[in-house]
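As a plain string of letters, each chain reads:
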Amino acid sequence: MTHPKMKWTYCGIDSHKDTHCAVFLDCFFGKIGEITFNNIPSGFEAFLKDAQKLKVVGTDFAFGLEDMSAYGRALNVFLTEKKQTVKHVNAALVASERKSGSVLHKTDSFDAECAARVLISRFDELPVADPQDKYWVLASVVARRNSLVKINVALKNHLHALLTDSYPNYKKYFPLVASRTALAFFENYPSPGTLTGTTAEELRDFLHNEANSRLSLEKASGFLSHIGKSGWKPSEYQAEKDFTVKSTVRQIKANIFEIGEVDGLLEKFLKNFDCKLTSMSGIDTVTAARLLAEIGDIKRFPTSAKLAKYAGVSPVTYASGKSDVQYANTRGNRQLNEIFFRIALTLTMAVGKTNRIVNPYFYHYYRKKLAEGKTKKQALKCVERRLVNIIWGMMRNNTEYINPETYDEPKENADEKGYAN
């Protein structure tokens, strides 16, 4: 009787910007040969033609790619369109295989061979590659937004450091350094010296016209009076300092504009997906886009337990003899894990001055777990696991979430329970 693994000729591929290296193995881990080819469409055609010479008689090809979204994506799409079997070989598995040898070395050829070895040994476990363009594009747009947000955080921190030299107490008047009013002010008045001769009326009118600010005349007068008493003195290089502040502000404004453009694109692009994730309070357009980008096609996960394991939400069991311990999974998709964590945090909160409960169901479910003796971290993990079930069901069945009616919890009750925010 023929073993199922004998039906394939295995090919591991190490992808790079200019060229790819492919190594072919039989089911007994014997090396048949290797091919290096250009990372261009015509190179793919030539590669598949040359690969036929290395195929074991009576078998089909099984390709294992480590890179599915960057340099290897075009090849993945090509092979999939040619009806070839393509599987995603996790980079960590390839690295583990490479380090398992008696001699540690790293070449393109050896990396490709390691990918082929993992493909053989874990063939049934590895996910089938499904390069759907809409998920790849969505992931690219989300990655672009994440990059802009990260850059903006760095810019705001830099602006804060610059402003402490000229306006040490600026937060008293501009609590949010990246607000429209604050950016307009600091771009026009990068240091106290630039305010010389400016009246309270002029400052008020300027902020109203440039940022639609409602800064009162009294507050404008107080600000100018405070600056006048601060004892600030211009530096020998004040012009350069002022330029740096203005340049940083301009870049922050440009980034905020770009983030708005990306958010608008995401809102339109989400219409290509048949899902209703935004029907749940706590999941806005950006969060829904991030969920879809990380999860991909929900059909990859036949059960919610599979999705929970992929997200690192379900616990890991460590058993030996009579010992059987469960602990938090620190692996899985950490980006997806962080998204579920933030949603769970939002849904278990009572917010605002009135302690408005965002989601009564999760609010009380979380407190029920605390009453059972679980720590806050453990209780929140239970909420995340329940969330996975619900979101998996919403995505699989294209159903909306019915939000329970919100209500305000009396502050004294929250204080008594120790849950006041």
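Residues numbered from 1 in each chain as written. Predicted model: local features only at pLDDT ≥ 70, side-chain atom pairs only at ≥ 80, totals over all residues. Heavy atoms only, no water.

S.K.: Talk me through the overall build of the protein chain; I want residue IDs and the actual numbers.
M.R.: Looking only at helices and strands, the protein chain has 15 helices and ten strands in total. For 421 residues, the compact-globule estimate of 2.2 N^0.38 gives 22 Å, and the protein chain exceeds it by more than 25% at 29 Å. Counting only C-alpha atoms, the protein chain reaches 90 × 55 × 45 Å along its principal axes. Classification of the 421 residues of the protein chain by burial places 41% in the buried group. Summarising the internal contacts of the protein chain: among those between residues at least 6 apart in sequence, 61% fall at separations of at least 24. Surface summary for the protein chain: the accessible area is close to 23,600 Å², and the carbon and sulfur share equals 52%. In the protein chain, 59 side chains carry a positive charge and 47 a negative one; their mean positions are 4 Å apart. (Helix = DSSP H or I, 4+ residues; strand = E, 2+ residues; numbered from the N terminus. Rg over C-alpha atoms; globule rule 2.2 N^0.38 Å. Buried < 20%, exposed > 50% of the residue type's maximum accessible area, 1.4 Å probe, protein only. Contact = heavy atoms within 4.5 Å. Areas by Shrake-Rupley, 256 points an atom, 1.4 Å probe, with all protein chains shown as cover. Lys, Arg positive; Asp, Glu negative; His and termini not counted. Charge placed at Lys NZ, Arg CZ, Asp CG, Glu CD.)

S.K.: For the packing of aromatic side chains, give the residues involved together with the corresponding values.
M.R.: Applying the stated criterion to the full structure yields 26 aromatic pairs. The structure contains a cluster of three or more aromatic residues connected by ring pairs, namely Tyr-167, Tyr-170, Tyr-173, Phe-174, Phe-185, Phe-186, Tyr-189, Phe-206 and Phe-223. Lys-87 extends its terminal NZ or CZ atom over the ring of Phe-123, reaching a point 4.3 Å from the ring centre. A cation over an aromatic ring shows up here: Arg-367 above the ring of Tyr-363, its NZ or CZ 3.8 Å from the ring centre. (Phe/Tyr/Trp six-rings, centres within 6.5 Å; stacked < 30°, edge-to-face > 60°. Lys NZ or Arg CZ within 6 Å of the ring centre and 35° of its normal.)

S.K.: An account of the sheet that holds strand S9 (residues 356-357) is requested, with residue identities and associated values reported.
M.R.: Taking strand neighbours across the sheet as the criterion, the three strands line up as S8-S9-S10 in an open arrangement whose pairing is antiparallel. Each edge of the open sheet carries a strand with a single partner, namely strand S8 (350-351) and strand S10 (407-408). (Pairing = 2+ DSSP bridges.)

S.K.: Outline the nonpolar core, listing residues and values.
M.R.: For soluble globular proteins, the rule of thumb is that nonpolar side chains tend to be buried together. One finds Leu-138, Leu-277, Leu-291, Phe-340, Leu-387 and Ile-391 to be the most contacted residues of the largest nonpolar core, which totals 48 residues. The element contributing the most residues to this core is helix H14 (residues 376-397), with ten residues. Setting aside chain neighbours within four positions, we find Phe-340 in contact with Leu-291, Ala-311, Val-313, Glu-384, Leu-387, Val-388 and Ile-391. Of all hydrophobic cores here, the second largest spans 26 residues; its members include Tyr-167, Tyr-170, Val-177 and Val-245. (Core = buried A, V, L, I, M, F, W, Y, C linked by side-chain atoms within 4.5 Å.)

S.K.: Residue-level account of the pattern of salt bridges, with values.
M.R.: Throughout the structure, instances matching the rule amount to 16 salt bridges. The shortest N-O distance in the salt bridge between Arg-73 and Asp-133 comes to 2.2 Å. Within this pair, whereas Arg-73 is found in helix H2 (residues 73-81), its partner Asp-133 is found in helix H5 (residues 133-166), the two being separated by 60 residues in sequence. Taking the shortest distance from any N to any O, the salt bridge between Lys-369 and Glu-372 comes out at 3.6 Å. (Salt bridge = Lys/Arg side-chain N within 4 Å of Asp/Glu carboxyl O.)

S.K.: Which residues make up the side chain of Ser-15, and what values do they have?
M.R.: If you trace the backbone, Ser-15 turns up in strand S1 (residues 8-15). In contact with Ser-15, other than residues within four places in its own chain, are His-20, Asp-67, Tyr-71 and Gly-72.

S.K.: Tell me about unusual backbone geometry, residues and numbers included.
M.R.: The backbone of Lys-83 sits at a positive phi, close to 65°, despite the residue not being glycine. Secondary-structure assignment places Lys-83 in the loop between H2 and strand S5 (85-88). A positive phi is found at Asn-398, a non-glycine position, where the angle reads about 55°. Of note, Asn-398 is situated in the loop between H14 and S10.

S.K.: Can you lay out the environment of Thr-348 for me, pointing to particular residues and giving the numbers?
M.R.: The topology assignment puts Thr-348 in the loop between helix H12 (334-347) and S8. Considered as a pair, Thr-348 and Pro-360 are twelve residues apart in the sequence and their alpha carbons are 7.9 Å apart. Apart from residues lying up to four places away in sequence, Thr-348 is in contact with Phe-362, Tyr-363, Tyr-366, Arg-367, Leu-380 and Val-383.

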